[in-house]
4 protein chains.
Amino acid sequence: MKHEINLSEFDIHTDLAIDIIENNTNLDGVKQVIKNIEGITVTDVELDRKNGLGKKEGNYITIEFDDITDKENYKKVKEVFILELRRTFDKMNIKKKDTCLFIGLGNAKSTPDSLGPKVSKDIIVTKHIYDLGDLDDKYRVVSLITPGVTGTTGIETSDIIESIVKKTNPDFIVAVDALASGSIDRVNKTIQMTDTGIHPGSGIGNSRKEISKDTIGIPVLAIGVPTVVDASVIVSDTINYMYKHYAFNKEYSKNPKSKLTFNNVNYLNKNIVINTKDKEDLFGLIGKLNSDEVKILINEVLNPIGYNLMVTPKEIDFVIDKLSMLISSVVNETLHEI
Amino acid sequence: MKHEINLSEFDIHTDLAIDIIENNTNLDGVKQVIKNIEGITVTDVELDRKNGLGKKEGNYITIEFDDITDKENYKKVKEVFILELRRTFDKMNIKKKDTCLFIGLGNAKSTPDSLGPKVSKDIIVTKHIYDLGDLDDKYRVVSLITPGVTGTTGIETSDIIESIVKKTNPDFIVAVDALASGSIDRVNKTIQMTDTGIHPGSGIGNSRKEISKDTIGIPVLAIGVPTVVDASVIVSDTINYMYKHYAFNKEYSKNPKSKLTFNNVNYLNKNIVINTKDKEDLFGLIGKLNSDEVKILINEVLNPIGYNLMVTPKEIDFVIDKLSMLISSVVNETLHEI
Amino acid sequence: MKHEINLSEFDIHTDLAIDIIENNTNLDGVKQVIKNIEGITVTDVELDRKNGLGKKEGNYITIEFDDITDKENYKKVKEVFILELRRTFDKMNIKKKDTCLFIGLGNAKSTPDSLGPKVSKDIIVTKHIYDLGDLDDKYRVVSLITPGVTGTTGIETSDIIESIVKKTNPDFIVAVDALASGSIDRVNKTIQMTDTGIHPGSGIGNSRKEISKDTIGIPVLAIGVPTVVDASVIVSDTINYMYKHYAFNKEYSKNPKSKLTFNNVNYLNKNIVINTKDKEDLFGLIGKLNSDEVKILINEVLNPIGYNLMVTPKEIDFVIDKLSMLISSVVNETLHEI
Amino acid sequence: MKHEINLSEFDIHTDLAIDIIENNTNLDGVKQVIKNIEGITVTDVELDRKNGLGKKEGNYITIEFDDITDKENYKKVKEVFILELRRTFDKMNIKKKDTCLFIGLGNAKSTPDSLGPKVSKDIIVTKHIYDLGDLDDKYRVVSLITPGVTGTTGIETSDIIESIVKKTNPDFIVAVDALASGSIDRVNKTIQMTDTGIHPGSGIGNSRKEISKDTIGIPVLAIGVPTVVDASVIVSDTINYMYKHYAFNKEYSKNPKSKLTFNNVNYLNKNIVINTKDKEDLFGLIGKLNSDEVKILINEVLNPIGYNLMVTPKEIDFVIDKLSMLISSVVNETLHEI
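Residues numbered from 1 in each chain as written. Chains lettered and ligands numbered in written order. Predicted model: local features only at pLDDT ≥ 70, side-chain atom pairs only at ≥ 80, totals over all residues. Heavy atoms only, no water.

## Examining the overall build of chain A
Stated formally: Comment: elements are numbered from the N terminus, with helices defined as DSSP H or I runs of at least four residues and strands as E runs of at least two. For every residue, the accessible area obtained with a 1.4 Å probe (protein chains only) is divided by the maximum for its type, and the residue is called buried under 20%, exposed over 50%, and partly exposed between those limits. Contact between two residues is taken to exist if any of their heavy atoms lie within 4.5 Å; hydrogens are not considered. Note on areas: Shrake-Rupley, 1.4 Å probe, and residue coverage restricted to the protein chains presented here.
A tally of helices and strands in chain A yields 12 helices and 11 strands. A burial count over chain A gives 59% of its 338 residues as buried. Put simply, of all contacts in chain A between residues at least 6 apart along the chain, 72% involve residues at least 24 apart. Accessible surface, chain A as shown: approximately 14000 Å² in total, 49% of it carbon and sulfur.

Next comes the structure, spelled out in structure tokens:
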């Protein structure tokens, strides 16, 4: 589990580009296309070199969905995911005969961080069969490593990857990792694909090394799912919902006969406008702060007393099982002609 | 994982008696003794039949500690835990020759709920050896079941326990289960022992059956550790910390040369008094609400949109491992003379 | 893992009726029908009350197949298995609305004995949903227990089963267990179904209790796969192969141009006749012994020095995974209309 | 699991030097010292360059013991093992400050082959702490990899190891692997240490690459335990026991009052002399063959029909757990000053 993107000064962890865009007003150099397919939202984000987010240029494809443990929903997500992964392969100019190194990042012994190793178990690996001259045409040459985490190997994960790449010369990399989310409603309900590379491991100080086309010369596709969230994110998200709830209640008390219900679409709609007066009435001094300032404050309160936990939903074991099944089958069907 | 104690109208889950006492002003019929042993807090609570908490009479012993993954701390907690467990056995009038049925409650497949089954793996079981006539004197007659959860057996867990008790006639029961906490600072840092019985499984409607001395005629000792917490608890706890932070900052701005630091003991001290004016200034209308009203509001906001998750810290796998090791060794050393 | 059928005096373990029939000449009261479906052999054995094997009356259906880890073969075995299981349900007069208790026998912590618990993980359990009134018509009412083994519970497994049956009143039982085989070529390559009941656990002395229609009044269907074999079985099977090999070589040296090859069907055919002279030439005094006498001798040699191990193939983990997947899906599709 | 040493033409697998020496008459260039410590046998074998076994020069230390699941025996074995491992470190000239790369060879998903990965879980890894400048003096700099097996990575395991060694520059390697045994009485009851290197993976054809001081320039200590055995080994070992049993019985029938018992030390003593006449009487033509010829024949019989399985005892899960605990604690106490 890496923590790729910090809201820098605010120290809110998120690995999702979409979280940052949502919380940012400077969208220079950001192209964003959103489509909705049977309840599944696919967001294409393209950042150019001088984007206002201070982020590396490249593409981020985000698929957002509901409960993956539902059988019907699982099928729909799988269909969309395959299409998007193939499209991403094309965009990255990955050819049919290109050889792949699959990397399962994370810690097999920690459930919320075990997504990479779990997916690895079901990836169809073929390099050794190819080396023997026995590989059927419909299979791509695929090798695989699960490098572990620095805490259990003592070695920088990026060093392990670099060594193996150098020795085995794959044409491209597909890496899977668990991520941190910047909002509760995305945990276990979002897949992010990006061609900007990976930054595995916690690293020493700020030295986390990038594994990307820039550093190793071959395309790197990273697939991630947020499985954890900061306790402070839960609080700030809830405060936002409280604003909406308050606004909704005021509206409703004026028009009690309207069909508004508290958990309807409007309430959840992120574009609902909360006026300043309402916020201050409801939340006093806190209500005068903007969203980022609230996050800074919560972190200021929770961090020093050690309560800004990274948390994961109680059902994480079952969700990780379903997500690994989904990702391994989609990756297999995209790598090979099966 | 049961959810024994609801803050009823408020629908805040906690299985810890100590959480309820802390949040309650009507302490009629409640005797409480607190002792501190090398940084470990032991709270003895005795509730009589007419206690003001509306709770069943009986004893609750709560051990609170810091990070159990620290080797030194682990040792200290173990020592205190053994003493308290022996004391509880004595209080419950459990004799040396009494036979024990150990019950590992919970779901082995869900990490935060796997405490009971994990502990079970290391309990020394002897009934079959005793039945053969081969049991060494220093061992007690112990049998064990891990009944699973209703979601995977289809059977009320209490029905399974009742059947086995009827068939095997143990003299007393020791049950271990994962619990829900009503405050973030107790998650994975508290052991509760009680002689009031267990209420296993989620049950159907309100029909969760009690397994206790009252219902099955033999003493039942329940040992639990809170491993999960409601998202709403995180929010309400944080709001409380924000009040304290605000009060602290105001105080500090008046006496900038004082030695107060934000994460010092005073700040964490739960008895700090926050005045009403401060609360309202900081949190507006929210500040006018008392602690329970805030919880009701947060639940009202989060529940209908499905975000009132039960969450668990990211490190749950490692903590559960340590906690099971602790509990199984303490239970073994108390049951047997080893 | 039970050891249902001993070659009594010979102390060769096998739980397969088909092993006993093959090694027995007194076939009074034994009806046997063999059919072959695309390389899969199905043997129906019906024993009447006075059968010459000294075995309990009832039906044994045995499905023999090749490598289950082959995808195509897996599919074929699954089809045959479903048909045979449905036929067995009909024979046992199990009706569409009858409620089922599924029992996963064995020890989850011992790979070769984990078949029952592994299958249990994927059985669709519905009793709790039915009790709530929410069960869809296409599902049967199914509950499930994995009672563990006496070595880890201290309780006779049959006592646990009896208690649960009494409390929950199912209409019939389906039990899955790992078995011992009396021949190496059946290990992991045979499924036995029988309506004669189960004898779970190693029991104390000879007291292993039967769970069957006779003892608990409801039909009991046992499904088993042999996953282990005695070391002595490997030796006696090999001696038999050596006889065949010798006979084959003699034949071949006479007709060197014949198309016989060592590993062809004839060689493996169990009905090949080895003449007495050949056996004595090849194996001296050993060659004078009949098959059972050889087994007795090997046991006499290996048992006292502790080398008559129960062994299992090195690949057992992968095979158990495939077998559990097979059995759970076939049981689900037979219990429910899915 | 590698298969380092073949009885070449005979195609009997064993990875134990001691198996080969025992079955070989040409002991030129072989120095052997045997000592017995409280029932534990330690055999030092030193092979020089021109040894008659055709084996690479170097040292093999073999520790043979009884049931490791017995608590008392476990302690004794641990004491001896620590002494021998320290002695081996000294012999290999490994200094206190030398940095170590620990390699857990084998397949975590296959119980009999999971020894290396299982041991890895408990090795104290420190390189990342050292790199931060925080390492306590009593700890050595240790890193760790579990490279997996070629069947799941697609990459030659030796290639992975070479890359990591090149990148991280350790001073020496300690590798742990499960082995194949050439005799049933050594399975799970023998630890072999050698400074001659490792040959990981099944490799392609005969190309299995050696990782040794010769090939990578740093000392390589391999620690292995045989966990599997060929079915043919079980047969040939049993035939040998049958000879002894026959000789014993003849002797006993002459002196029925002697205190000989079938399972006494003499019977198991490998140096017992069986005369040729006895062998031929008992086993006919088979009795005329020497030990290696019998093995060749058994392989000729079993291999073509696919029954020359690698097998492992039924209790392998529990034994592997104990063995990993033993090896990880001994390695930790030798690497570090703890």
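## Remarks on the interface of chain A and chain B
What counts, and what does not: By buried area we mean the combined loss of accessible area, with a 1.4 Å probe, across both parts when two parts are placed together. One side-chain nitrogen of Lys or Arg within 4 Å of one carboxyl oxygen of Asp or Glu is enough to make a salt bridge. Throughout this description, a polar contact denotes any pair of N or O atoms lying within 3.5 Å of each other; where both atoms belong to protein, one of them has to be capable of donating a hydrogen while the other can accept it, and for residues adjacent in sequence the pair is counted only when both atoms sit in side chains. Under the scheme applied, nonpolar residues are Ala, Val, Leu, Ile, Met, Phe, Trp, Tyr, Cys and Pro; charged residues are Asp, Glu, Lys and Arg; polar residues are all the others, including Gly. Paired strands, in this sense, are two strands between which DSSP finds at least two bridges.
Counting from both sides, the interface comprises 44 residues of chain A and, opposite them, 44 residues of chain B. Around 4100 Å² of area is buried between chain A and chain B when both sides are counted, 75% of it from carbon and sulfur atoms. In this assembly, chain A and chain B are joined by zero salt bridges. For the interface between chain A and chain B, the tally reads 12 residue pairs in polar contact (both at pLDDT 80 or more). If you list the elements that add at least two residues to the side of chain A that touches chain B, you get α8 (231–254), α9 (265–268), α10 (276–287), α11 (291–302), β11 (310–313) and α12 (316–335) of chain A. The residue makeup of the side of chain A that touches chain B, split by class, is 29 nonpolar, eight polar and seven charged. Here β11 of chain A pairs with strand β11 (residues 310–313) of chain B via three bridges, running antiparallel. Paired with threonine 312 of chain A across the strands is threonine 312 of chain B, a residue of β11 of chain B.

## Describing the relation of the copies chain A and chain B
This is how the line gets drawn: When the copies are superposed, the least-squares fit takes in the C-alpha atoms of residues with a pLDDT of at least 70 in both.
For these two chains of identical sequence, chain A goes onto chain B by a turn of 180° and a shift of 0.0 Å along the axis, with RMSD 0.1 Å. Given the turn and translation reported, the copies of this chain are related as if by a two-fold rotation axis. The residues that chain A uses at the interface reappear at the interface of chain B in 100% of cases, marking a shared surface.

## Some thoughts on the relation of the copies chain D and chain C
Superposing chain D onto chain C takes a rotation of 180° combined with a translation of 0.0 Å along the rotation axis, leaving an RMSD of 0.0 Å. A shared interface surface links the copies, since 100% of the contact residues of chain D are contact residues in chain C too.

## As for the pattern of salt bridges
All chains considered together, the criterion is met by 80 salt bridges over all chains. Across the pair glutamate 210 of chain C and lysine 56 of chain C runs a salt bridge, and its minimum N-O distance is 2.8 Å. Of this pair, glutamate 210 of chain C sits in the loop between β9 (190–194) and α7 (213–216) while lysine 56 of chain C sits in the loop between β4 (40–47) and β5 (58–64), and the two are 154 residues apart along the sequence. Residue glutamate 210 of chain C is classed as partly exposed on the basis of its relative accessible area of 22%. Of the charged contacts in the structure, one is a salt bridge between lysine 96 of chain C and glutamate 337 of chain C, with a shortest N-O distance of 3.1 Å. Taken together, the positions of lysine 96 of chain C in the loop between α2 (71–91) and β6 (100–104) and glutamate 337 of chain C in the segment after α12 (316–335) put the pair 241 residues apart, joining distant regions of the chain. A residue is classified by how much of its surface remains accessible, and glutamate 337 of chain C, at 45% relative accessible area, is partly exposed. Here the salt bridges share partners, and the residues they tie into one network are Lys35, Asp44, Glu84, Arg87 and Lys91 of chain A.

## Regarding the environment of threonine 153 of chain A
If you trace the backbone, threonine 153 of chain A turns up in helix α5 (residues 150–153). Discounting chain neighbours no more than four positions away, the residues touching threonine 153 of chain A are Pro147 and Ile160 of chain A together with Val125, Ser143 and Leu144 of chain D.

## What about the environment of alanine 178 of chain D?
Residues and elements named next belong to chain D. Along the chain, alanine 178 turns up in strand β8 (residues 172–181). The buried category is assigned to alanine 178, whose relative accessible area is 0%. Remark: the alpha-carbon pair of alanine 178 and glycine 224, spanning 46 residues in sequence, is separated by 5.5 Å.

## Some thoughts on the interface of chain D and chain C
Contact with chain D, which involves 44 residues of that partner, is made by 44 residues of chain C. With both chains or domains summed, chain D and chain C bury close to 4100 Å², and 75% of this area falls on carbon and sulfur atoms. The largest contributions to the chain D side of the interface with chain C come from Met242, Tyr307 and Lys314 of chain D, which together make up 16% of the buried area. For the interface between chain D and chain C, the tally reads zero salt bridges. Between the two partners, chain D and chain C, sit 12 residue pairs in polar contact (both at pLDDT 80 or more). Examining the composition of the side of chain D that touches chain C, we find that eight residues originate from one element, helix α8 (residues 231–254) of chain D, more than from any other. Classifying every residue of the side of chain D that touches chain C gives 29 nonpolar, eight polar and seven charged.

## Observations concerning the pairing of strand β6 (residues 100–104) of chain B
The two faces of a sheet get side chains in turn, since along a regular strand they alternate between them. Residue and element names in this part refer to chain B. Counting buried residues in β6 gives five out of five residues, a clear majority hidden from the surface. Neither face of β6 is left uncovered, since the one carrying Cys100, Phe102 and Gly104 and the one carrying Leu101 and Ile103 both have all their residues buried. Across four bridges, β6 lies against strand β7 (residues 142–145) in parallel orientation. Opposite phenylalanine 102, over in β7, you have leucine 144 as the bridge partner. Bridging between β6 and strand β8 (residues 172–181) involves five bridges; their strand directions are parallel. Opposite leucine 101, over in β8, you have isoleucine 173 as the bridge partner.

## With respect to the confidence of the model for chain A
Here is the rule we go by: As a per-residue measure, pLDDT tells how confident the predictor is, with possible values from 0 to 100.
Confidence along chain A averages 87 in pLDDT terms, with 88% of residues attaining 70 or more. Counted against residues more than four places away or in other chains, residues 2–10 of chain A, with its pLDDT under 50, gives 37 contacts.

## Structural notes on the domain arrangement of chain A
Residue and element names in this part refer to chain A. Applied cut-off: Delimitation of the domains relies on an automatic or database domain assignment.
Domain boundaries assigned for chain A yield domain 1 (7–226 + 313–335) and domain 2 (233–311). Roughly 1200 Å² of surface becomes buried between domain 1 and domain 2 when both sides are summed, with 56% attributable to carbon and sulfur atoms. At the boundary of domain 1 with domain 2, the tally comes to zero salt bridges. Linking domain 1 with domain 2 are one residue pair in polar contact (both at pLDDT 80 or more), by the criterion used here.

## Some details on the packing of helix α6 (residues 157–168) of chain B against helix α6 (residues 157–168) of chain C
Put simply, the rule reads: All axes are obtained by fitting lines to C-alpha atoms, using only the stretch in contact for helices, and the reported angles, taken between N-to-C directions, cover 0 to 180 degrees. Oblique is the label for any angle not covered by the other classes, which are roughly parallel (under 35 degrees), roughly antiparallel (over 145) and roughly perpendicular (65 to 115). A crossing counts as left-handed when the near helix is turned anticlockwise from the far one by less than a right angle, and as right-handed when that turn is clockwise.
Between α6 of chain B and α6 of chain C, the shortest axis-to-axis distance is 9 Å and the interhelical angle comes to 125°. When the interaxial angle is binned, α6 of chain B and α6 of chain C end up oblique. In the crossing of α6 of chain B with α6 of chain C, the sense of the turn from one axis to the other is right-handed. Together, Asp159, Ile160, Glu162, Ser163, Ile164 and Lys167 of chain B of α6 of chain B and Asp159, Ile160, Glu162, Ser163, Ile164 and Lys167 of chain C of α6 of chain C make up the contact between the two elements. Split into classes, the residues belonging to the contact of α6 of chain B with α6 of chain C amount to four nonpolar, two polar and six charged.

## Regarding the side chain of glutamine 192 of chain B
Residues and elements named next belong to chain B. By the element assignment, glutamine 192 lies in strand β9 (residues 190–194). Judged by its relative accessible area of 3%, glutamine 192 falls in the buried class. At 3.1 Å, the side chain of glutamine 192 and the backbone oxygen of aspartate 15 are in polar contact. There is a polar contact of 2.9 Å between the side chain of glutamine 192 and the backbone nitrogen of alanine 17.

## Considerations on unusual backbone geometry
For asparagine 169 of chain A, which is not glycine, the phi dihedral falls at a positive 50°. Residue classification places asparagine 169 of chain A among the exposed residues on the basis of a relative accessible area of 56%. For asparagine 93 of chain D, which is not glycine, the phi torsion reads 65° and is therefore positive.

## Quick look at the packing of aromatic side chains
Condition: Classification of ring pairs uses Phe, Tyr and Trp, with its six-membered ring standing for Trp, and accepts pairs whose centres are within 6.5 Å; under 30 degrees between planes counts as stacked, over 60 as edge-to-face, and the remaining range as tilted. Only Lys NZ and Arg CZ are tested; either one counts as a charge over a ring when it is within 6 Å of the ring centre and within 35 degrees of the ring normal.
This model, assessed by the stated rule, comprises 10 aromatic pairs over all chains. Pairing phenylalanine 89 of chain B with phenylalanine 172 of chain B gives two aromatic rings, centres 5.5 Å apart and planes at 80°, and the pair type is edge-to-face. Of this pair, phenylalanine 89 of chain B sits in helix α2 (residues 71–91) while phenylalanine 172 of chain B sits in strand β8, placing them 83 residues apart in sequence. Side by side, phenylalanine 89 of chain B and phenylalanine 172 of chain B carry an identical accessibility label, which is buried. An angle of 75° between the planes, with centres 5.3 Å apart, marks the rings of tyrosine 243 of chain D and phenylalanine 283 of chain D as edge-to-face. A residue pair is termed long-range when its members are at least 10 positions apart, and tyrosine 243 of chain D in helix α8 and phenylalanine 283 of chain D in helix α10 (residues 276–287) qualify at 40 residues. Accessibility classification places tyrosine 243 of chain D together with phenylalanine 283 of chain D in one group, the buried group. A cation over a ring is seen here: lysine 322 of chain A above tyrosine 74 of chain A, with NZ or CZ 5.9 Å from the ring centre.

## Focus on the pairing of strand β4 (residues 40–47) of chain D
Residue and element names in this part refer to chain D. With six of eight residues buried, β4 is to be regarded as a mostly interior element. Two elements, strand β3 (residues 30–37) and β4, share eight bridges in a ladder whose sense is antiparallel. Note on β4: the bridge partner recorded for lysine 31 is glutamate 46. Where β3 hands over to β4, the hairpin turn is made up of two residues, of which glutamate 38 adopts a positive phi near 50°.

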